[in-house]
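Fold and contact review
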Amino acid sequence: MCGIDGVTGVPDAARVAYLGLYSLQHRGQESAGMVVVNGEGVARSHRGMGLVSDVFSERVLSELPGDVAIGHARYSTAGTSVLANAQPMLAGYREGPLALAHNGNLTNAVQLRSDLVAKGSIFQSSSDSEVLVHLIARSEAREPEDQLLDALERVEGAYSLLITVGRTLYAIVDPRGFRPLVLGRLGRGWVVASETCALDITGATLVRELEPGDFVRIHGADVDSLPRLARRPHRRCVFELVYFSRPDSTVFHRSVDGVRRALGRELAREHPAPGADCVFSVPDSSNAMALGFSEQSGVKLEHALIRNHYVGRTFIHPAQADRMAKVKIKFNPVRGVLAGKKVVVVDDSIVRGTTSRALVQLIRQAGATEVHFRVASPPITGPCYYGIDTPSKKELIASSNSVEQIRAHLGVDTLGYLSLDGMLRAAGGDPADFCHSCFSGDYPTDIPEDDLAGARHAAPLHPLAV
Ligand code: AMP
């Protein structure tokens, strides 16, 4: 999963894009990068491994002059976690420098890549997104926009894209609209970003959310909607609302916070916990859900788990640290709240079940007498092929265990998952507009056999160590 941010028509675009990326850090912590284009059309790039604030220093930003910028914060789903796969990609192209930042995952990238390699393309990375750059470069259409369209017609899957060709910025959302993208106004310029929190941080105002199939060109002060991509049934990723996006963002025309509270209320209706003394969240993604559960059930809301916010992905765990040690580094229970209490724990999702199991042990050690675990989404039974980093099917606890088996594994008194219908009710609007394939197995695109078998999820796309 990734966060993308584009800026145009704003002096010192790099600093604006930096702030945007900083607010999108939750969408990807492996690498960050930016391409900035100056008034002469010269593009400069800087990419690095790690957090946005580690990759960009004051000195680096001052060496990225220009009023057009695109940036990317990456969490790999296809391709390995190495600098070669950091984005934006920057390529020499017949129409000027071409830079590309991609959020999503292309489901037919492996096949396209082997076709391109057979025709002589040389790849510099193992990321699925590079396929797009080659398809654009090889298109026989005359105009750059037709070349982009040509390429987009050949790829399948999830893509929210920011592309610069020379000084023109293109913002594109795939026809199913898996991933969000919003357009904002900043002074005389424009900002396009994965979530509205990236507009708020710079003082940009929301103009509109891009719709599935939108293909927008921004050049100077002009924003033009180009012919839309082929129509397909909309499939907005419901997990963006459940877990991925920030609660202060508006995503798919919905307040993420509002949906999460509604998920908590639905959960309390479907799986109440009569007699419980208090309810609390596994912070932070479940905070609003615990609030909703408390509102609906009347069970008192507490803060019983405190999260250390400074644990980055680069934290060096003590050698051989077991799961419990790793969970203790991140969470600590508040004993005074838990001792002698019957408690309800609300989490947004269970993936492998390892964190939840260790958390439950911590909660019991802190003195809770009963633990009732409530999950504000259905069991995750299959991987995501559209950009969320989920493990292979066999690592997903709900792919091979019943709810009762998971309850026993977690060591809780009761376990309740929200139903698919309940989740979609909380999300609001037409339930058919959502992708919920990780919960339901209803994948809206063809998935290559090897991917379904789990082969590609484990291995990099490419035999080279990039
Ligand atoms: P697990 O121990 O694997 O069951 O972890 C469950 C926790 O992971 C939940 O509290 C979620 O908030 C969180 N989570 C859900 N999806 C993801 C994801 N794709 N990447 C990282 N964490 C996730």
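Keep in mind that this is a model prediction, so the values were computed, not measured.

Notes on empty space enclosed by the protein
- Counted according to the given criterion, the structure contains two cavities of 30 Å³ or more.
- The calculated volume of the largest cavity comes to roughly 110 Å³.
- As for the largest cavity, its lining consists of 14 residues, of which Cys237, Phe239, Cys384, Ile388 and Cys438 are closest to the centre.
- Put simply, the parts of the chain that give the lining of the largest cavity at least two residues each are helix 8 (238–244) and helix 17 (437–440).
- A per-class count over the lining of the largest cavity returns 10 nonpolar, three polar and one charged.

Observations concerning the domain arrangement of the protein chain
- Domain assignment breaks the protein chain into domain 1 (2–232) and domain 2 (255–455).
- Domain 1 and domain 2 are separated by 32 Å when their C-alpha centres are compared.
- Listed per partner, the contact involves 14 residues of domain 1 and 14 residues of domain 2.
- Interface area for domain 1 against domain 2, summed over the two sides, is near 1200 Å², with a carbon-plus-sulfur share of 57%.
- Contact with domain 2 buries surface across domain 1, with Thr107, Phe178 and Arg179 losing the most and accounting together for 40% of the total.
- Seen at the junction of domain 1 and domain 2, the total is zero salt bridges.
- On inspection of domain 1 and its partner domain 2, the count reaches three residue pairs in polar contact (both at pLDDT 80 or more).
- At the level of elements, strand 6 (96–106) and strand 7 (157–165) are the ones that each hand at least two residues to the side of domain 1 that touches domain 2.
- Here the side of domain 1 that touches domain 2 is composed, by residue class, of three nonpolar, seven polar and four charged.

Regarding the packing of aromatic side chains
- Going through the model one piece at a time under the given rule, you end up with nine aromatic pairs.
- Where phenylalanine 178 meets tyrosine 386, the ring centres are 4.3 Å apart and the plane angle is 15°; that geometry is what we call stacked. Here tyrosine 386 lies in the loop between strand 22 (370–375) and helix 14 (397–400) and phenylalanine 178 lies in the loop between strand 8 (168–173) and strand 9 (182–186), a separation of 208 residues in the sequence.
- The exposure class assigned to phenylalanine 178 is buried, which follows from its relative accessible area of 0%.
- Relative accessible area serves as the criterion here: at 1%, tyrosine 386 is assigned to the buried category.
- By way of ring pairs, the aromatic residues Phe178, Tyr385, Tyr386 and Tyr443 are connected into one cluster.
- In this structure, arginine 113 packs its charged tip against the face of phenylalanine 123, placed 4.3 Å from the ring centre.
- For arginine 185, the ring lying beneath its charged end belongs to tryptophan 190, and the centroid distance is 3.9 Å.

Quick word on the site of the ligand
- Of all residues adjacent to the ligand, which total 15 residues, the nearest are Asp348, Val351, Arg352, Gly353 and Thr355.
- Contact between the ligand and tyrosine 243: a nitrogen atom at 3.0 Å from a side-chain N or O atom of the residue.
- Separating an oxygen atom of the ligand from a backbone N or O atom of threonine 354 is a distance of 3.1 Å.
- Here the ligand loses 84% of its free accessible area of 510 Å² to cover by the protein chains.
- Among the elements of the structure, helix 8 and helix 13 (354–365) are those that each provide at least two residues to the shell around the ligand.
- Of the residues contributing to the shell around the ligand, the split by class is five nonpolar, six polar and four charged.

Scoring rules and cut-offs
What you see as residue numbers is a count from 1 along each chain, following the sequence as written. In keeping with the predicted nature of the model, local features appear solely for residues at pLDDT of at least 70, side-chain atom pairs appear and are counted solely at 80 or more, and the whole-chain, interface and lining totals rest on all residues. Side-chain descriptors were evaluated using all non-hydrogen atoms of the structure, hydrogens and water having been removed beforehand. Here a cavity denotes grid points, spaced 1 Å and computed from the protein atoms alone, that fit a 1.4 Å probe unable to get out, and a pocket denotes an open set having protein on both sides within 12 Å along at least 5 of 7 lines; residues with an atom within 4 Å of a point are the lining. Grid points are joined across faces, edges and corners, and a volume is the space filled by probe spheres set on the points. In this text, helices come from DSSP runs of H or I with a minimum length of four residues, and strands from runs of E with a minimum of two, each type numbered from the N-terminal end. In this classification, Asp, Glu, Lys and Arg are treated as charged, Ala, Val, Leu, Ile, Met, Phe, Trp, Tyr, Cys and Pro as nonpolar, and every other residue, Gly included, as polar. Just so you know, the domain bounds were taken from an automatic or database domain assignment. When checking whether two residues touch, look at their non-hydrogen atoms; a contact exists if any pair is within 4.5 Å. Accessible-area loss on putting two parts together, using a 1.4 Å probe and summing over both, is the definition of buried area adopted here. We define a salt bridge as a side-chain nitrogen of Lys or Arg found within 4 Å of a carboxyl oxygen belonging to Asp or Glu. Polar contact is the term for a pair of N or O atoms within 3.5 Å; when the atoms are in protein, one must be able to donate a hydrogen and the other to accept it, and sequence-neighboring residues count only if both atoms are side-chain atoms. Classification of ring pairs rests on two measures: the distance between centres of Phe, Tyr or Trp rings, Trp counted by its six-membered ring, which must be within 6.5 Å, and the angle between planes, read as stacked under 30 degrees, edge-to-face over 60 and tilted in between. Only protein chains enter the accessibility calculation, which uses a 1.4 Å probe. A residue is then buried if its area is under 20% of the maximum for its type, exposed if over 50%, and partly exposed in between. Here, a charge over a ring means that NZ of Lys or CZ of Arg falls within 6 Å of the ring centre while also lying within 35 degrees of the ring normal. It suffices for a single heavy atom of a residue to lie within 4 Å of a molecule or strand for the residue to be listed as near it. Only the protein chains shown count as cover for residues, with accessible areas throughout obtained via the Shrake-Rupley method and a probe of 1.4 Å.

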